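Overview (structure and organization)
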Amino acid sequence: MHDMSAHAAQHGAPTSFIRKHVFSLDHKVIGKQYYALALIAAVVGMFLSWLMRIHLGWGNFAIPGLHLLSSTGAPGNVMTPEYYLQLMTMHGTIMVFFVLTTAPFAAFGNFFLPIQTGAEDMPFPHFNMMSFWVTFVAFVVMVAAFFVPDGPSLGGWTQYAPLSAVGAVGGPGQGLGVVLWAASIGIFCIGQLLGSLNFITTTLDMRCKGMSLMRLPLSAWGWFITSMMGLTAFAVLMPACILLILDHVAGTSFFVASNLVINGQILPHSGGSTLLWQHLFWFFGHPEVYIAIVPGMGIVSHVLITNMRRPMLSHRVLIYSMGALAVLSYMVYGHHMFVSGMNPVSAIAFSFPTLVITIPSTIVVLIWLGSLYGSKLRINSASLFSLGFISMFISGGVSGFFLAQPSLDIMLHATYFVVGHFHLVMGVAAMFGIFAGTYFWFPKMTGRMMNETLGRVHFWLSFVGAYCIFMPFHYLGMAGNVRRYQAFTDDYLIPLIPVHKFITVAALVTGFVQLIFIYNLIYSRFKGPVAPSDNPWEGTSLEWSTATPPPHNNFGDKMPVVYHDPYQYSVEGASADYIMQTSPEKLTNPHEEK
Amino acid sequence: MAKLFAVTIVLIAIASAIPIVMHTWPLPQDISIHGHLIDEQFADTMAEAGISFLASQLLLAFFIWKFSSPKPGDKIKSFPGGSMGLVVAAFLLVGTEVLALGVFGAKAWGSVYLTAPAADAVQIQAQAGQFAFYFRYPGPDGKFGPIHADQINEANANFFGIDTTHDQDSKDDIVTAEMAIPVNREIHLLMHSKDVGHSFYVPELRVQQDFVPGLDVSLHFTATKVGKYEIVCTQLCGLGHYNMKAYLEVKSQEDYDAWIKQQAALQ
């Protein structure tokens, strides 16, 4: 553990505007910057999904003003087939990287991990500042693809080779669009590597006196486990992106085989491997699913405990289960490739760990449910979104039973069943984790309270809306509805179009509901009632024992000393309903995590 | 509020299950010899996933209903059996469930992918390119001539790059835009991509397999019902991906023989 005094003067409070608000070294400002970036990205991503859904429901509908976004992609305001794919690629990429990775991990983790560990900042503040700004640059590079001739790539967020590697001959956006995509993601990886390095070091080396690893709250464990995944997964994706760029600009053939013919011309490539990209991408891609969801698991556990007024049935079992998910996530990636042409024996080898990963997932859900039993549950926006997270995680998780099996993947691969699965389990669930964290920590981050009524309206409409959108995706997939189609012209798909129209209406309504959240967030930031105390939810962890918002070095003059395991709620014989980690009160019957 | 939420979860869980129980959107009909293994596996998995889904959602709803309005003085209760009970339950119940699914599922998978095609299987080559499928039959000699990438020319309908002048084996090859196969005969499909990744998906046939540029993949299956079905591409291949399709006609042996003769005459 770390002696805080050695770092007390690590970097002084900033005095200039630029150091304070732009190139800040303060992890709390960096966390807010990440949050703002994720919010902008989420609005862009959601807007793109609206355009896609309108097109899928009513293909010839002229969307007013769409030609302003791209005159060639939407002549007469009606989307072309290729423009649909370009918007789809950008929707997936922006949501997965710049929202689901950025908000639950980088935004909340930056703000709260140092505080929950009892540190005055991250150990490498300059790296931390860089991690945000390179992520910002990555976002600018990604969005810049909308403004280049031919527009963004149409190859999907997975960018399968060789379509992604052959250049402009592959279709609109497959030249410069792909280069910008790969450059953006490569830069994004640098940000994540720097961030992960900081998170790991903060957790291992910056804990305050008395803060053993098992005394860390579950949210801190979520970020810590995620940072270890981030360090290894993004380290694979970054070189893959570099190789992809080289195939475009340096005449290499990492991902393009010999003798491929497009438009009657043999491509000037030879000797590359189509499947190499898939192996590299999914070696990152499957851990990425857990990079998106494990921070959410930690956040909702933390929020729920505070609102259940009890610790989880087992702190340690939850931590081990999240760790098992992280380790197994590297062994299961081949389930994305069952019908890719990979050796069919390896499909079975990848199938078993994929099935086994349901065991730690089930344990996590059972611990949540078992902890709800006999609790004293408080209902508020944060706890509603946490409970909604559990419901979504269950619904998205059970479809994993199907997709883990190669024999069923024959039917379901590349259908809307897969789209429904990942949207529920990593999309909606992770978003609910972000919302839970926002409603819960907003007072600590800003010093003001969000409007509870609007929060509940936001929850109800989002919960029902998300099910209306994503549950029918499964039914479509079972009927063989292929994904990534801009229109459904096949005889057997035409009867499914009414289901798509229903989904489109649900998506538009649920999307508009998110504006309530954005209004609540922005209004409350400036005009919301001042937080009634430093600890409005009566929590026990270190973020609630410091000022609101926390001072530059998090704890002011007196660095914290931790006396208890993190969640001392409803302890028999204690002086209050909750005993904070910093309280020196001796407990005769504490909740212990041995 | 909490009780309403609990009721909502129950209603959503039931509403989600109704289309499954009522078979509102059933799996497409099965026309393959191996499909019943997949369908049985699907039904078993649906039963297990369905029970897990309903049980978990209903428990979540019940606990929210029951424990959200504590009275002053209520004490925290521990779940019977505690965390160890739940861990053991997860290992035993889910562990057994996934092991069984894995073992039986591997059998279904093996029936398609881990068996060799019969020596007398009907050989057909499929070529995928942006944005069409083409099929080649080897003709009376039973051999496919080589593909010459530099001779692929759609303008003169040489989709496979066949050199009938120099390659003896190519002279009797038959190239078609639709795929016809005889019913109840095993088909050995040799899959070649000319440009980017594509996929061969016939839901009724219970087969899906990617075309891998640079790596020819083979697949074998037997159709059991005469009829016309759609072959669709499921691997994003470019702007015309949604429209990349062909028809599969499963014919009686006599009709198939007549069709092959007719196609040979058209070459």
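Counting restarts for each chain: residues are numbered from 1 in the order of the written sequence. Both sets of labels track the order of writing: A upward for chains, 1 upward for ligands. Reporting in this predicted model follows two pLDDT cut-offs: at least 70 for local features of residues, and 80 or more for side-chain atom pairs to be given and counted; totals over whole chains, interfaces and linings ignore these cut-offs and use all residues.

Let's talk about the overall build of chain B
In DSSP terms, a helix is any run of H or I states spanning at least four residues, a strand is any run of E spanning at least two, and both are numbered starting from the N terminus. Per the secondary structure count, chain B includes 4 helices and 10 strands. Its helices and strands taken in sequence order, chain B reads α-α-α-β-β-β-β-β-β-β-β-β-β-α from the N to the C terminus. Taken over C-alpha atoms, the radius of gyration is set against a globule rule of 2.2 Å times the number of residues to the power 0.38. Relative to its length of 267 residues, chain B is extended, with a C-alpha radius of gyration of 26 Å against a globular reference of 18 Å. Three classes are used. A residue is buried when 20 or more other C-beta atoms lie within 10 Å of its own, exposed when 12 or fewer do, and partly exposed in between, with C-beta atoms placed from the backbone. Looking at chain B as a whole, 43% of its 267 residues are labelled buried. Whether two residues are in contact is decided by their C-beta atoms, placed from the backbone, lying within 7 Å. In chain B, 72% of the contacts between residues at least 6 apart in sequence involve partners at least 24 apart.

Some remarks on the pairing of strand S10 (residues 245-251) of chain B
All names here are of chain B. Residue alternation in S10 divides its side chains into a buried set, Ala246, Leu248 and Val250, and an unburied set, Lys245, Tyr247, Glu249 and Lys251. In this description, strands pair whenever DSSP reports at least two bridges between them. As paired strands, strand S4 (residues 179-182) and S10 are joined by 4 bridges and run parallel to one another. In the sheet register, isoleucine 181 faces S10, and the bridge partner there is valine 250. As defined by bridge partners, strand S9 (residues 227-232) adjoins S10 across 6 bridges and the pair is classed as antiparallel. By the bridge assignment for S10, isoleucine 231 is matched with alanine 246.

Some thoughts on the domain arrangement of chain B
All names here are of chain B. According to the domain assignment, chain B consists of domain 1 (2-68 + 84-113) and domain 2 (122-266). Between domain 1 and domain 2, the contact holds 10 residues from the first and 12 residues from the second. Each residue is assigned to one of three groups, with Ala, Val, Leu, Ile, Met, Phe, Trp, Tyr, Cys and Pro labelled nonpolar, Asp, Glu, Lys and Arg labelled charged, and all others, Gly among them, labelled polar. Classifying every residue of the side of domain 1 that touches domain 2 by side-chain character gives 5 nonpolar, 4 polar and 1 charged. Bear in mind that the domain bounds are from an automatic or database domain assignment.

Let's talk about the packing of helix H12 (residues 381-398) of chain A against helix H2 (residues 35-67) of chain B
To get an axis, a line is fitted to the C-alpha atoms, and for a helix only the part in contact is used. The angle between two axes follows their N-to-C directions and goes from 0 to 180 degrees. The interhelical angle for the contact between H12 of chain A and H2 of chain B, taken along N-to-C directions, is 170 degrees, at an axis separation of 9 Å. In terms of orientation, H12 of chain A lies roughly antiparallel with respect to H2 of chain B. Facing Leu387, Ile390, Ser391, Ile394, Ser395 and Val398 of chain A of H12 of chain A, the residues of H2 of chain B in contact are Ala49, Ser52, Phe53, Ser56, Gln57, Leu60 and Ile64 of chain B. Taken together, the residues of the contact of H12 of chain A with H2 of chain B sort by class into 8 nonpolar, 5 polar and no charged. For classification purposes, angles smaller than 35 degrees are called roughly parallel, those larger than 145 roughly antiparallel, those between 65 and 115 roughly perpendicular, and all remaining angles oblique.

Observations concerning the packing of helix H6 (residues 176-205) of chain A against helix H7 (residues 218-249) of chain A
Residue and element names in this part refer to chain A. One way to put it is that H6 packs onto H7 with a least axis distance of 7 Å and a crossing angle of 150 degrees. As the angle between them shows, H6 and H7 are arranged roughly antiparallel. Viewed along their axes, H6 and H7 form a crossing whose handedness is left-handed. Taken together, the residues of the contact of H6 with H7 break down into 25 nonpolar, 8 polar and no charged. Crossing handedness follows the turn of the near helix against the far one: under a right angle anticlockwise gives a left-handed crossing, and clockwise gives a right-handed one.

Points about the interface of chain A and chain B
Listed by partner, the interface residues are 89 residues for chain A and 88 residues for chain B. With 10 residues, the top contributor of residues to the side of chain A that touches chain B is helix H11 (residues 358-372) of chain A. Its residues assigned to classes, the side of chain A that touches chain B shows 56 nonpolar, 27 polar and 6 charged.

Let's talk about the nonpolar core
The biggest cluster of nonpolar side chains holds 278 residues, and the ones touching the most others in it are Ala38, Ile293, Ile367, Ala429 and Ala436 of chain A. Of the residues forming this core, the biggest block, 22 residues, is contributed by helix H4 (residues 81-117) of chain A. If you count residues domain by domain, this core takes at least three from each of domain 1 (2-68 + 84-113) and domain 2 (122-266) of chain B. If near-sequence neighbours (up to four positions away) are discounted, isoleucine 293 of chain A is found in contact with Val425, Met426, Ala429 and Ala430 of chain A. Nonpolar cores are built from buried Ala, Val, Leu, Ile, Met, Phe, Trp, Tyr and Cys residues. These are joined into a set through C-beta atoms within 7 Å.

Considerations on the environment of alanine 17 of chain B
All names here are of chain B. Structurally, alanine 17 is set in helix H1 (residues 2-21). Sequence separation between alanine 17 and glycine 50 is 33 residues; the distance between their C-alpha atoms is 7.7 Å. Apart from the residues lying within four places of it in its own chain, the contact partners of alanine 17 are Gly50 and Leu54.

Structural notes on unusual backbone geometry
Note: most residues except glycine have negative phi, and most peptide bonds are trans. Residue proline 549 of chain A is reached from threonine 548 of chain A by a cis peptide bond, and omega for that bond is -15 degrees. Positionally, proline 549 of chain A belongs in the loop between helix H17 (497-527) and strand S3 (568-569). With an omega dihedral of -5 degrees, the bond running from glutamine 130 of chain B to phenylalanine 131 of chain B counts as a cis peptide bond. Relative to the elements of secondary structure, phenylalanine 131 of chain B occurs in the loop between strand S1 (122-129) and strand S2 (132-137). You will see that arginine 484 of chain A, though not glycine, has its phi angle at about 60 degrees, which is positive. In this fold, arginine 484 of chain A is placed in the loop between helix H16 (452-478) and H17. Judged by the 22 C-beta atoms lying within 10 Å of it, arginine 484 of chain A falls in the buried class. Within the chain, asparagine 184 of chain B stands out as a residue other than glycine whose phi angle is a positive 60 degrees. Inspection of the secondary structure assignment puts asparagine 184 of chain B in the loop between S4 and strand S5 (186-193). Note on asparagine 184 of chain B: 14 C-beta atoms within 10 Å, which makes it partly exposed.

Some thoughts on helix H15 (residues 416-446) of chain A
Residues and elements named next belong to chain A. The sharpest bend along H15 reaches about 50 degrees and sits at phenylalanine 440, with the proline proline 443 one to four residues further on. The buried fraction of H15 is high, at 30 of 31 residues. Following H15 by one or two positions, glycine 447 has its phi on the positive side, about 85 degrees. Note on bend: at a given residue it equals the angle between the axes fitted to the 7 residues ending there and to the 7 starting there.

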